[in-house]
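Descriptive analysis of the structure
Residues per chain, in single letters:
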Amino acid sequence: MAHEYDAVVVGLGTMGSQVLWRLAQAGWRVLGIDRDHPPHHLGSHHGWSRLIRFAYFEHPNYVPLLLEAERGWSELERASGRTLFERCGVIQGGPPRSPLIRGIIASAERHRLDVEPLDLAARERLPFSLPPTWTVLMESGAGYLHPELCIETALLQAEQCGAEMCTGQQVTRIDDTADWLELHTPLRHVRAKRIVLTTGAFASDWRDWNVHPPTVLRKHLFWFQPRHATSWHVRAGCPAFLFDVGESYIYGFPAHDERGVKLARHDGGMEIDPASEDTELGRLDELASVQKFIDDHAPGLRSEPSEHAICRYAMSEDGDFRLGVSARDSRVVWASCFSGHGFKFAPAIGTHIAHRLLESKWRPEVQFLVG
Ligand SMILES: Cc1cc2nc3c(=O)[nH]c(=O)nc-3n(C[C@H](O)[C@H](O)[C@H](O)COP(=O)(O)OP(=O)(O)OC[C@H]3O[C@@H](n4cnc5c(N)ncnc54)[C@H](O)[C@@H]3O)c2cc1C
């Protein structure tokens, strides 16, 4: 006989690990299934660091969710005794009329967030070379998350609350009957009263269940060694950063391990088939962009990368996330299109999806994402 669950979570990466944890915490009999062994390097979550910032240039509507996510990360840290969030501060800079700067100021003002403009003397103490005409803002309570550790920890906590897990198995089909939803992998067949689809870059596989399909972009991450080690290290006070350099948005992280300083371009990216397992350097425009950033604004870094990685952005049309309930069967709830900025929100998204399942309604804070 097939095993039976209150809910099955399909996809145990960034969002699925948090949903599994919350449902298990609520006492539901839950199973999580993943085609891989999360954390892994074939989704959207690897690369050792993810920015977390609160004065959100993308839109002030995200701020309540961000503050909820911050509380969720703290709860996970307390429950596990692990440090997941490095509060090293984030500096963001660009021309004063840049959408980045205007967006940060709008969110900070609307939500009374602590963002401090840096004067020229304060900028001198940082290892960047930034034009004096730029506005440069420091958000001291921001920083970065350790994504692999975050996912591993949420899954561990879920297991400790009674969740079951099945990894290395792809869910290939879901059938709906009056009493149950039936899930099939090549090796297993299980039944669930509810299903959550959090399959990231693979969300298009579930179009039949009305999951919003993302456009998947191949994104490069690069690591560079500092010419003189200390000033770029997180322990030396180097913050994480995001700059509007005109032709692109470049972000990065201070050195915190032997890999050095991580740099990447947020915009751009080549559309790919999510199933491709290509990890070689592709088009070199992303490398050229970060090397130009080094030449112009970070001369203390060596210009040849010491390491690189490929990751996937699962984009919506407007860069906002999408959450929903399947129009085909309201027992299926999904979340997709985290558009290259979803990681930091994971505990809040996990809580809201769990709430939708437990209470059969979305909380007001996420209404702008439901569709
Ligand atoms: C290069 C890069 C940099 C980023 N930087 C930031 C940042 O600084 N800050 C930030 O907040 N966000 C950032 N993001 C975005 C963030 O990492 C993603 O939004 C987030 O990881 C998406 O989570 P997810 O759960 O949708 O996908 P994933 O974490 O990839 O999880 C999806 C899971 O579903 C599984 N799966 C798929 N199909 C099936 C199936 N049929 N059966 C079983 N399992 C299945 C996959 O194996 C995978 O484990 C970045 C993303 C990238 C790629």
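Residues numbered from 1 in each chain as written. Predicted model: local features only at pLDDT ≥ 70, side-chain atom pairs only at ≥ 80, totals over all residues.

1. Concerning the overall build of the protein chain
Within the protein chain, the secondary structure is distributed over seven helices and 20 strands. Here the C-alpha atoms of the protein chain give a radius of gyration of 21 Å, agreeing with the 21 Å that 2.2 N^0.38 yields for 371 residues. Principal-axis analysis of the C-alpha atoms gives the protein chain an extent of 70 × 45 × 40 Å. Expressed as a percentage of the 371 residues in the protein chain, the buried residues total 49%. The long-range fraction of contacts in the protein chain, counting pairs at least 24 apart against all pairs at least 6 apart in sequence, stands at 72%. (Helix = DSSP H or I, 4+ residues; strand = E, 2+ residues; numbered from the N terminus. Rg over C-alpha atoms; globule rule 2.2 N^0.38 Å. Buried ≥ 20, exposed ≤ 12 C-beta atoms within 10 Å, placed from the backbone. Contact = placed C-beta atoms within 7 Å.)

2. Quick word on the site of the ligand
By nearness alone, 38 residues border the ligand, and Gly 11, Gly 13, Gly 43, Gly 200 and Gly 342 come closest of all. Within the residue set of the shell around the ligand, elements represented by two or more residues are helix 1 (14-25), strand 2 (30-34), strand 3 (50-52), strand 13 (215-224) and strand 18 (307-315). (Near = placed C-beta within 6 Å.)

3. A look at the environment of Ala 24
As for its position among the elements, Ala 24 is in helix 1. Its 24 C-beta neighbours within 10 Å are what place Ala 24 among the buried residues. C-alpha separation for the pair Ala 24 and Gly 162, spaced 138 residues apart in sequence, amounts to 6.0 Å. Discounting chain neighbours no more than four positions away, the residues touching Ala 24 are Val 30, Ala 158, Cys 161, Gly 162 and Ala 163.

4. As for the domain arrangement of the protein chain
Many structure descriptions define interface size as the accessible area lost when the parts assemble. Structurally, the protein chain comprises domain 1 (3-45 + 148-214 + 318-369) and domain 2 (87-143 + 215-315). A separation of 30 Å is found between the C-alpha centroids of domain 1 and domain 2. When the residues that make up the side of domain 1 that touches domain 2 are grouped by side-chain class, the tally is seven nonpolar, seven polar and no charged. (Domains from an automatic or database assignment. Nonpolar A, V, L, I, M, F, W, Y, C, P; charged D, E, K, R; others polar.)

5. Let's talk about the packing of helix 2 (residues 63-80) against helix 7 (residues 346-359)
Running from N to C, helix 2 and helix 7 point in directions that differ by 95°, and their axes come no closer than 6 Å. On the basis of the axis angle, helix 2 is roughly perpendicular to helix 7. Of the residues in helix 7, those in contact with Leu 65, Glu 68, Ala 69, Gly 72, Trp 73 and Leu 76 of helix 2 are Ala 346, Pro 347, Ala 348 and Thr 351. Split into classes, the residues belonging to the contact of helix 2 with helix 7 amount to seven nonpolar, two polar and one charged. (Axes fitted to C-alpha atoms, helices over the stretch in contact; angles between N-to-C directions. Parallel < 35°, antiparallel > 145°, perpendicular 65-115°, else oblique.)

6. Here we look at the sheet that holds strand 4 (residues 85-86)
Here three strands make up an open sheet; going across it, the order is 3-8-4 and the pairing antiparallel. Sheet topology places strand 3 and strand 4 at the edges, where each strand pairs with a single neighbour. In this sheet, strand 8 (residues 143-145) lies alongside strand 4 in antiparallel orientation, the contact comprising two bridges. Of the residues in strand 8, the one forming a bridge with Phe 85 is Leu 145. (Pairing = 2+ DSSP bridges.)

7. Some remarks on the environment of Ser 339
Within the element layout of this structure, Ser 339 appears in the loop between strand 20 (332-336) and helix 7. Spatially, the C-alpha atom of Ser 339 lies 8.9 Å from that of Val 216, the residues being 123 residues apart in sequence. With sequence-adjacent residues up to four places away left out, Ser 339 is seen in contact with Tyr 313, Ala 314, Met 315, Ser 316, Gly 319, Asp 320 and Phe 321.

8. Structural notes on the pairing of strand 15 (residues 249-253)
Counting buried positions along strand 15 yields five of five residues, so the element is predominantly enclosed. Alternating positions in strand 15 separate into two faces, Tyr 249, Tyr 251 and Phe 253 on one and Ile 250 and Gly 252 on the other, with burial throughout. Summarising the sheet, strand 14 (residues 240-244) and strand 15 pair through four bridges and their orientation is antiparallel. Bridge pairing in strand 15 places Leu 242 opposite Tyr 251. In this structure, the hairpin formed by strand 14 and strand 15 is closed by a connection of four residues, where Gly 246 is found at a positive phi of approximately 100°. Where strand 15 lies against strand 16 (residues 261-265), four bridges are found, and the strand directions are antiparallel.

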